[in-house]
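This is what each chain is made of:
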Amino acid sequence: MEQRGCDAMRRGYLAGCVVAVFLWSVASAQIRYSVSEEVNEGTAVGNIAKDLGLEKSTLKDRKYRIVSSNADPLFHVNQNDGILYVSRKIDREEVCAQSSTCLINLKTVLENPLEIHYVEVEVLDINDNSPSFPEKDKRLEISESVLPGARFQLKPSRDSDSGQFSVQQYKLSSNDHFRLEVRDKGKDGKIPILVLQKSLDREVVGSHSLVLTALDGGKPPNSGNMNILVNVLDVNDNTPIFSKDIYSVTITENVPIGTTVVQVNATDLDEGQNGEVYYSFGNSVGNELFTLFDINPSTGEITVKSLIDYEEKDKYEIEIEASDKGLAPLTTEKSVIIQIADVNDNAPEIEVTSFSSSIPEDSRPGTTVALISVNDLDSGLNGKVICAVNEDIPFTLAPSVKDRMYSLVTKSPLDREKQSQYDLTITAKDAGQPPLSSEKTISVAVSDVNDNSPEFSLSPYTFYVTEANEPGASLFSVKAFDHDENDNAHISYHILRDRSADNKLTSFLNINSENGDIMALKSFDFETLKTFQFKVVASDSGTPSLSSNVTVNVFILDQNDNAPVILYPVSSNGSAEGAEEIPRNVNAGHLVTKVRAYDADIGYNGWLLFSLQEVTDHSLFGLDRYTGQIRTLRSFTETDEAEHKLVILVKDNGNVSLSATATVIVKLVEPKEAFAASDVKSSAKADEDNNVTFYLMITLGSVSALFLISIIVLIAMQCSKSTDYTSKYLQETNYDGTLCHSIQYRSGDKRYMLVGPRMSIGSTIVPGSHANTLVLPDRRRTSEEVRPLCENCVHWQCLSFSN
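Residues numbered from 1 in each chain as written. Predicted model: local features only at pLDDT ≥ 70, side-chain atom pairs only at ≥ 80, totals over all residues. Heavy atoms only, no water.

- Naming follows an unreviewed UniProt entry, where the protein appears as Protocadherin 2 alpha a 15 of Seriola dumerili.
- The Function (unreviewed entry) comment attached to the protein in UniProt states, word for word, "Potential calcium-dependent cell-adhesion protein. May be involved in the establishment and maintenance of specific neuronal connections in the brain."
- In UniProt, the protein has this text filed under Subcellular location (unreviewed entry): "Cell membrane". (UniProt positions renumbered as here; feature names shortened; annotations may be inferred.)

### Observations regarding the overall build of the protein
Here's step 1: Looking only at helices and strands, the protein features 6 helices and 55 strands.
Here's step 2: Counting only residues that meet the buried cut, the protein has 42% of its 803 residues in that class.
Here's step 3: Pairs at least 24 apart in sequence give 67% of the contacts found in the protein among residues at least 6 apart.
Here's step 4: A total of about 42300 Å² of accessible surface is found on the protein, and carbon and sulfur atoms cover 50% of it. (Helix = DSSP H or I, 4+ residues; strand = E, 2+ residues; numbered from the N terminus. Buried < 20%, exposed > 50% of the residue type's maximum accessible area, 1.4 Å probe, protein only. Contact = heavy atoms within 4.5 Å. Areas by Shrake-Rupley, 256 points an atom, 1.4 Å probe, with all protein chains shown as cover.)

### As for the confidence of the model for the protein
Here's step 1: Residue-level pLDDT values for the protein average 80, and 82% of them are 70 or greater.
Here's step 2: In this model, residues 12–29 is a region of pLDDT below 50 whose contacts with residues beyond four sequence positions or in other chains number 20 contacts.
Here's step 3: Low pLDDT, under 50, characterises residues 721–748; the stretch is placed with 113 contacts to residues that sit more than four places away or in other chains. (pLDDT = per-residue confidence, 0-100.)

### Regarding the state of the cysteines
Here's step 1: A full pass over the atoms with the stated rule returns 1 disulfide.
Here's step 2: Through a disulfide, Cys96 is tied to Cys102; the S-S separation comes to 1.6 Å. Because the torsion about its S-S bond is 65°, the bridge between Cys96 and Cys102 counts as right-handed. Grouping residues by exposure puts Cys96 and Cys102 together as buried. (Disulfide = S-S within 2.5 Å.)

### Description of a nonpolar patch on the surface
Here's step 1: On the surface, Leu114, Ile116 and Tyr118 cluster together into a nonpolar patch covering about 340 Å² of accessible area.
Here's step 2: By the secondary structure assignment, Tyr118 is in strand S7 (residues 115–124). (Patch = residues over 30% accessible without salt bridge, like charges linked within 9 Å, V, L, I, M, F, W, Y side chains within 5 Å. Salt bridge = Lys/Arg side-chain N within 4 Å of Asp/Glu carboxyl O.)

### Comments concerning the sheet that holds strand S19 (residues 277–281)
Here's step 1: One open sheet accounts for 4 strands, arranged S16-S23-S22-S19; its pairing is mixed. Strand pairing shows two members of the sheet lacking a second neighbour, strand S16 (247–252) and S19, which therefore form its edges. The sheet shows a mean angle of 30° between the axes of neighbouring strands, taken without regard to direction.
Here's step 2: Relative to strand S23 (residues 331–341), S16 runs parallel, the two being bridged by 6 bridges. Directly across from Ser248, in S23, lies its bridge partner Ile337. (Pairing = 2+ DSSP bridges. Axes fitted to C-alpha atoms, helices over the stretch in contact; angles between N-to-C directions.)

### Some words on the nonpolar core
Here's step 1: Counting residues in hydrophobic clusters, the biggest one holds 28 residues, and the most contacted among them are Ile251, Val261, Phe293, Ile302, Ile320 and Ile338.
Here's step 2: If you list the elements that add at least two residues to this core, you get S16, strand S17 (260–263), S19, helix H5 (287–292), strand S20 (293–295), strand S21 (301–304), strand S22 (315–324) and S23.
Here's step 3: For this core, the leading source of residues is S22, giving 4 residues.
Here's step 4: Residues contacting Phe293, with those up to four places away along its chain left out, are Ile251, Val261, Phe281, Ile302, Thr303, Lys305, Ile308, Tyr316, Ile318 and Ile338.
Here's step 5: Counting residues in each nonpolar core, the second largest holds 26 residues, with Val478, Ile491, Leu509 and Ile602 among its members. (Core = buried A, V, L, I, M, F, W, Y, C linked by side-chain atoms within 4.5 Å.)

### What about the environment of Val123?
Here's step 1: As for its position among the elements, Val123 is in strand S7.
Here's step 2: For Val123, a relative accessible area of 1% corresponds to the buried category.
Here's step 3: Through-space distance from the C-alpha of Val123 to that of Arg92 is 6.4 Å; in sequence the pair is 31 residues apart.

### Quick notes on the packing of aromatic side chains
Here's step 1: Applying the stated rule across the entire model yields 14 aromatic pairs.
Here's step 2: With a centroid separation of 6.1 Å and 45° between ring planes, the pair formed by Phe133 and Tyr170 is classed as tilted. Residue Phe133 is found in the loop between S7 and strand S8 (137–143), and its partner Tyr170 is found in strand S10 (residues 167–172); the two are separated by 37 residues along the sequence.
Here's step 3: A residue is classified by how much of its surface remains accessible, and Tyr170, at 8% relative accessible area, is buried.
Here's step 4: Note on Phe621 and Phe636: the rings are 5.9 Å apart at their centroids and 55° apart in plane angle, and the pair reads as tilted. Here Phe636 lies in the loop between strand S47 (629–632) and strand S48 (643–651) and Phe621 lies in strand S46 (residues 621–623), a separation of 15 residues in the sequence.
Here's step 5: Residue Phe621 is classed as buried on the basis of its relative accessible area, which comes to 2%.
Here's step 6: Here the aromatic residues Phe456, Tyr461, Phe463, Phe476, Tyr493, Phe524, Phe532 and Phe534 are joined through ring pairs into a cluster of three or more.
Here's step 7: Over the ring of Phe508 we find Lys522; its NZ or CZ atom is 4.6 Å from the centre of that ring.
Here's step 8: Geometry around Phe526 places Lys530 over its ring, the cationic atom sitting 4.3 Å from the centre. (Phe/Tyr/Trp six-rings, centres within 6.5 Å; stacked < 30°, edge-to-face > 60°. Lys NZ or Arg CZ within 6 Å of the ring centre and 35° of its normal.)

### Let's talk about the environment of Lys313
Here's step 1: Along the chain, Lys313 falls in the loop between S21 and S22.
Here's step 2: Relative accessible area serves as the criterion here: at 35%, Lys313 is assigned to the partly exposed category.
Here's step 3: If sequence neighbours within four positions are ignored, Lys313 has contacts with Glu288 and Ile340.

### A few points about the environment of Gln263
Here's step 1: Among the secondary structure elements, Gln263 is positioned in strand S17.
Here's step 2: If we skip the residues at most four places from it in the chain, Gln263 touches Tyr247, Thr299, Gly300 and Glu301.
Here's step 3: Within the local environment of Gln263, its side chain forms a polar contact with the backbone oxygen of Thr299, the two atoms lying 2.9 Å apart. (Polar contact = N/O pair within 3.5 Å; in protein donor to acceptor, adjacent residues only side chain to side chain.)

### Brief notes about the pairing of strand S42 (residues 577–583)
Here's step 1: Here S42 shows a buried face lined by Gly578, Glu580 and Ile582 and an unburied face lined by Glu577, Ala579, Glu581 and Pro583.
Here's step 2: Bridge count between S42 and strand S49 (residues 659–669): 7 bridges; the pairing is parallel. When the sheet's bridge partners are listed, Ile582 is paired in S49 with Leu668.

### Focus on the sheet that holds strand S3 (residues 65–67)
Here's step 1: Here 4 strands make up an open sheet; going across it, the order is S1-S7-S6-S3 and the pairing mixed. Two strands bound the open sheet, and with one partner strand each, they are strand S1 (31–36) and S3. Within this sheet the neighbouring strands show an average axis-to-axis angle of 40°, counted without direction.
Here's step 2: Bridge analysis of S1 against S7 gives 6 bridges, and the strand direction is parallel. When the bridges of S7 are listed, Ser34 appears paired with Glu122.

Put into structure tokens, the structure is as follows:
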């Protein structure tokens, strides 16, 4: 309804205008009409025919028209009534653009006759357009450093309408920082200017949204808006700020490379490069920290660059810089404290000082051998060390007054002869979890002290020496050893000599002081000397010197150096020759005579065998090879010769046998003559027997005395242990002989026998004893005994036997 009212008023207004124009045209002799824009098609503008005084009836015939080059003219003339009509809606802003007065000149033509009339039509403006800005949204960038009073000219708003319907004023939305000024530039319109009245702070408000409104002069006015977005440009006026006042962190040593220690964080209220923060180590950071740590310049992560050792340093303080990327960068520093926690990564270290590599064996318990210091680079329990030494040695560790110091001392007496060197393993173990330990081995040599006397390998020594030895030749050797070493073990030998009767033979002995070889300066004769003893002293070269002695028993072994001696028969001139008369009527087995012989040697060498070397008739006489008895083998006959010659060979049993011969002449006589001759012979024989008995008594007395002396000496000698000369050296023999006589006795673990010149059946000779030692096979008695083995014993010899 309001719109219709407006249209009616508009039409009345237009009509009035047309009348006024018409009156003005008449007055000025020119037709001029006016019409408002946007009127409907067919609206009458004016009656041209009437105003020009033309006849309406002729207009059609004369083809009254408007001449226009436009294909779509705005106006046309009705030839019937001569009225000017609007052909289509007129948009003044399209026709006249921004002209203040919009006049359209129309050329009308009449033909027959040709008349041309000019009609001027003014198009009147209506407020049909609102103001509009070239940009719907305007973005301004103003630095926060711009001072108040700064002016920022904006593009003006445009309104297609003119006159009072154009832009008349501007309004700015309410804000605290800007105000609006308008500059009137006349025909160019009004120019809006934005004025800064309060300083900007991007960190407080980063942007401001404003609305600029343009108003025209219509009633009601039309308006147009422009959104203004003011972005406050940052100025690098803020330094980076760290998120924490103190950065403190604890890490363990030996953390893997690349481990993040801590991440620092700093913010900058500025924006862009002014607010981009990068991190770095401060200028005060030394090269050492650059090798241990690294920092990410973008994220601020501090990472481990190489292995960290608590023992080198337990705390690091790093200055970190946070800088922005402004043209004039602003920087803030912050300290990062990194505490290093100890890890048990160091084994104890053992150091041996004041070490005595050698210690005398007579050192007292508690003698210091070495000083030992133990160190562990770790701390706390990781650095607490317990030190020990292996227990199976005569040494121990004594803690010192100073921490982690020990004395290695002896805890029991030493004996170099039992152990001359000790390898001591010292173990140091800390109290960490898991514990670490280390070992150190040192060698301690026990030096020798002359605390051992020389010891002989045997005590006593028993040697057997064959008689007739070569003077000056080595007979036997004694050997002593000393458990000490070097000079303390260097042994020299000498024979203990004194003036006693028992030691008189030592003057004929000599000993090599270096090797203990003993030599005799004379030859021994078994028949003169059968045994003797002496002492050898072995002394070392220590200071003071120690010595020991040993008894040496020497037995002289017999050699076959005496030939048998015929005792019977012996002629008056001393030859072994005799005559025996026997009756012809004797029976077989009659004892003709007995050949008696003596050999100064003993054993095999003194055992005699008899054999017939020569006989006239082997069938008449027989000879007992062991007793020397000559007996008849058969009765005599008349054809047997009256005289028979028997040559008897007496041979000892030595390796190289010695022998003697005896000749017996056997005469056969008649029985009567035999009795007479028997009396004479008995008398002669009695004398002869007396001589033989005398010799036998002397021999037996000598042998008995020698036997008793030998028993006393041998019992004293054999009280100590002796070498076992049992069947290890013996071989069983089947020799069937008889000893003339034997005396057995026991001393210690040896058995001795005095024997005559012949051997009993079953006796055995020791092969290594020079045929002088017998062993009786399993016929020992529990006590000493004297057993007669044969008759006619002449000489005796002492033989030793092993049990």
